[in-house]
Amino acid sequence: MNPIALFDSGIGGLSVLTHIRERLPGENLLYLADQTHVPYGPRSHAEIIQFSEGITRFFLAQEAKAVVVACNRASAAALSPLRQRFPGVPFVGMEPAVKPAAQQTKSGKVGVLATVGTLESERYASLMARFAGDVTVWEDPCVGLVELIEAGQTDTPETEQFLRRTLAPMLANGVDTLVLGCTHYPFIRPLLHHIAPHLTIIDPAPAVAQQTQRVLQQANLLSTATNNGQTRLITTGLAAPFAQLAQRLMGYEGEVSTAVWQDFVIRSP
Ligand code: DGL
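Nothing here was measured: the structure is a model prediction, and the numbers come from that model. (Residues numbered from 1 in each chain as written. Predicted model: local features only at pLDDT ≥ 70, side-chain atom pairs only at ≥ 80, totals over all residues. Heavy atoms only, no water.)

Examining the site of the ligand
Step number 1: Looking at the ligand, there are 14 residues lining it, with Ser9, Tyr40, Gly41, Asn72 and Thr183 nearest.
Step number 2: A distance of 2.9 Å separates a nitrogen atom of the ligand from a polar side-chain atom of Asp8.
Step number 3: Asn72 has a polar backbone atom sitting 2.8 Å from an oxygen atom of the ligand.
Step number 4: Broken down by class, the residue content of the shell around the ligand amounts to six nonpolar, six polar and two charged. (Near = heavy atom within 4 Å. Polar contact = N/O pair within 3.5 Å; in protein donor to acceptor, adjacent residues only side chain to side chain. Nonpolar A, V, L, I, M, F, W, Y, C, P; charged D, E, K, R; others polar.)

Below, the structure is given as structure tokens:
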């Protein structure tokens, strides 16, 4: 059965995969973590477009029936170019959940945690212009946070200190709603909750899973299988640490395979 393929710079997109797994248990899922190139946040649009196209070609060679860009940064840079380059492929992208946050805040003050590339993108500027007119938004590019999470530091004192520093100006200014604008950040949600239990935290992953179902339904591509689908994880980095982290963060017990970049093409060794 053809898989739904997802990618991210690293482990972040697993936070999206978990919701798709829950919503569409009969589907086969194929996940690629581009850990050769993590973090994507500070990289240029052109580079990310190149990576995203290479990954999509790899997915199509694996007969993927749809591609979920499980990364805010890659969606901001590459979603439109991907749709133009591969017109027959159903793509699902994501963006910081500014709209629901603006609707839900009671104080009228919203915080957005995202990577620098997402915050500086045209896509984000357009979101802000459309949905954040009536609220005040505090943004933070969380420089170094993706690296901490990739290193498995989802609950260490160092990460807690980092988050306390990041949240302090937001909390002092009355922010009551926090947008997780990077798919790595749901893994530090317990820590965020510990620091600021009253914050409403918004993760767009459940909405992305719903949108994936909708897109597949429209294209008549939903699996009719009654048994559970398979999940396959691949990294362009090192398999062992990735497997360990996937086990800890989402209870993944399967194998992790590696793939390598050669001249902007991904090959399975
Ligand atoms: N997880 C990614 C996102 O949602 C990017 C993390 C990175 O900077 O690599 O934006």
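Overview of the sheet that holds strand E10 (residues 256-258)
Step number 1: Sheet architecture is open: six strands sit in the order E4-E3-E1-E2-E9-E10, paired in parallel fashion. Edge positions in the open sheet fall to strand E4 (91-92) and E10, since each of these has one partner strand only.
Step number 2: Here strand E3 (residues 66-69) pairs with E4 via two bridges, running parallel. Across the sheet, Val67 pairs through a bridge with Phe91, a residue of E4. (Pairing = 2+ DSSP bridges. Helix = DSSP H or I, 4+ residues; strand = E, 2+ residues; numbered from the N terminus.)

Side note on the sheet that holds strand E6 (residues 136-140)
Step number 1: An order of E6-E5-E7-E8 is seen for the four strands of this open sheet, with the pairing classed as parallel. Pairing within the sheet leaves two strands with one partner each, and these edge strands are E6 and strand E8 (200-202). Going from strand to strand, the sheet's axes swing by 20 degrees on average, the running direction of each strand aside.
Step number 2: Direction of pairing for strand E7 (residues 177-180) relative to E8: parallel, over a ladder of three bridges. Note on E8: the bridge partner recorded for Thr177 is Thr200. (Axes fitted to C-alpha atoms, helices over the stretch in contact; angles between N-to-C directions.)

Quick notes on helix H2 (residues 45-61)
Step number 1: Its 17 residues give H2 an end-to-end C-alpha distance of 24 Å, which sits within 8% of 24 Å, the value for a rise of 1.5 Å per residue.
Step number 2: Listed as buried for H2 are Ile48, Phe51, Ser52, Glu53, Gly54, Ile55, Thr56, Phe58 and Phe59. (Expected span 1.5 Å × (residues − 1). Buried < 20%, exposed > 50% of the residue type's maximum accessible area, 1.4 Å probe, protein only.)

Points about unusual backbone geometry
Step number 1: Across the junction of Val38 and Pro39, the peptide omega takes the value 0 degrees, indicating a cis bond.
Step number 2: Along the polypeptide, Pro39 turns up in the loop between strand E2 (29-33) and H2.
Step number 3: Not every positive phi belongs to a glycine, and Glu63 is a case in point at roughly 60 degrees.
Step number 4: Examined against the element boundaries, Glu63 turns out to sit in the loop between H2 and E3.
Step number 5: Using a relative accessible area of 54% as the deciding quantity, one classes Glu63 as exposed.
Step number 6: In this structure, Phe264 takes a positive phi of about 65 degrees despite not being glycine.
Step number 7: Within the secondary structure layout, Phe264 lies in the loop between strand E11 (260-262) and strand E12 (265-267).

Things to note about the pattern of salt bridges
Step number 1: Considering all chains together, one arrives at five salt bridges under this definition.
Step number 2: In this structure, the salt-bridge partner of Lys65 is Glu27, at a minimum N-O distance of 2.6 Å. Note that Lys65 is positioned in the loop between H2 and E3 and Glu27 in the loop between helix H1 (14-23) and E2, a separation of 38 residues in sequence. Here the two residues Lys65 and Glu27 agree in accessibility, since each one is buried.
Step number 3: With its nearest N and O atoms 2.8 Å apart, the salt bridge here joins Glu47 to Arg43.
Step number 4: Residue Arg43 is classed as partly exposed on the basis of its relative accessible area of 22%. (Salt bridge = Lys/Arg side-chain N within 4 Å of Asp/Glu carboxyl O.)

A short note on the packing of H1 against helix H11 (residues 239-250)
Step number 1: Running from amino to carboxyl end, H1 crosses H11 at an angle of 50 degrees, the nearest separation of the two axes being 11 Å. The angle between the axes of H1 and H11 places the two elements in the oblique class. The handedness of the crossing between H1 and H11 is right-handed. Between H1 and H11, the contacting residues are Leu14, Leu17 and Thr18 on the first element and Phe242, Ala246 and Met250 on the second.
Step number 2: For the contact of H1 with H11, the class distribution of residues is five nonpolar, one polar and no charged. (Parallel < 35°, antiparallel > 145°, perpendicular 65-115°, else oblique. Left-handed = near helix turned anticlockwise from the far one by under 90°. Contact = heavy atoms within 4.5 Å.)

Remarks on the packing of H2 against helix H3 (residues 72-85)
Two quantities define a packed helix pair, namely the angle between the helix axes and the distance between the axes.
Step number 1: Running from amino to carboxyl end, H2 crosses H3 at an angle of 55 degrees, the nearest separation of the two axes being 9 Å. Overall, the two elements H2 and H3 adopt an arrangement that is oblique. Of the two possible hands of crossing, H2 and H3 adopt the one that is right-handed. In contact with His45, Ile48, Ile49, Ser52, Glu53, Thr56 and Arg57 of H2, H3 contributes Arg73, Ala74, Ala76, Ala77, Ala78, Pro81, Leu82 and Arg85.
Step number 2: Tallied by class, the residues present in the contact of H2 with H3 amount to eight nonpolar, three polar and four charged.

Some thoughts on the state of the cysteines
Step number 1: One pass over the full model with this rule turns up zero disulfides.
Step number 2: The cysteine Cys71 is free of any disulfide, with Cys182 supplying the nearest cysteine sulfur at 6.8 Å.
Step number 3: Among the residues examined, Cys71 registers a relative accessible area of 5% and is labelled buried. (Disulfide = S-S within 2.5 Å.)

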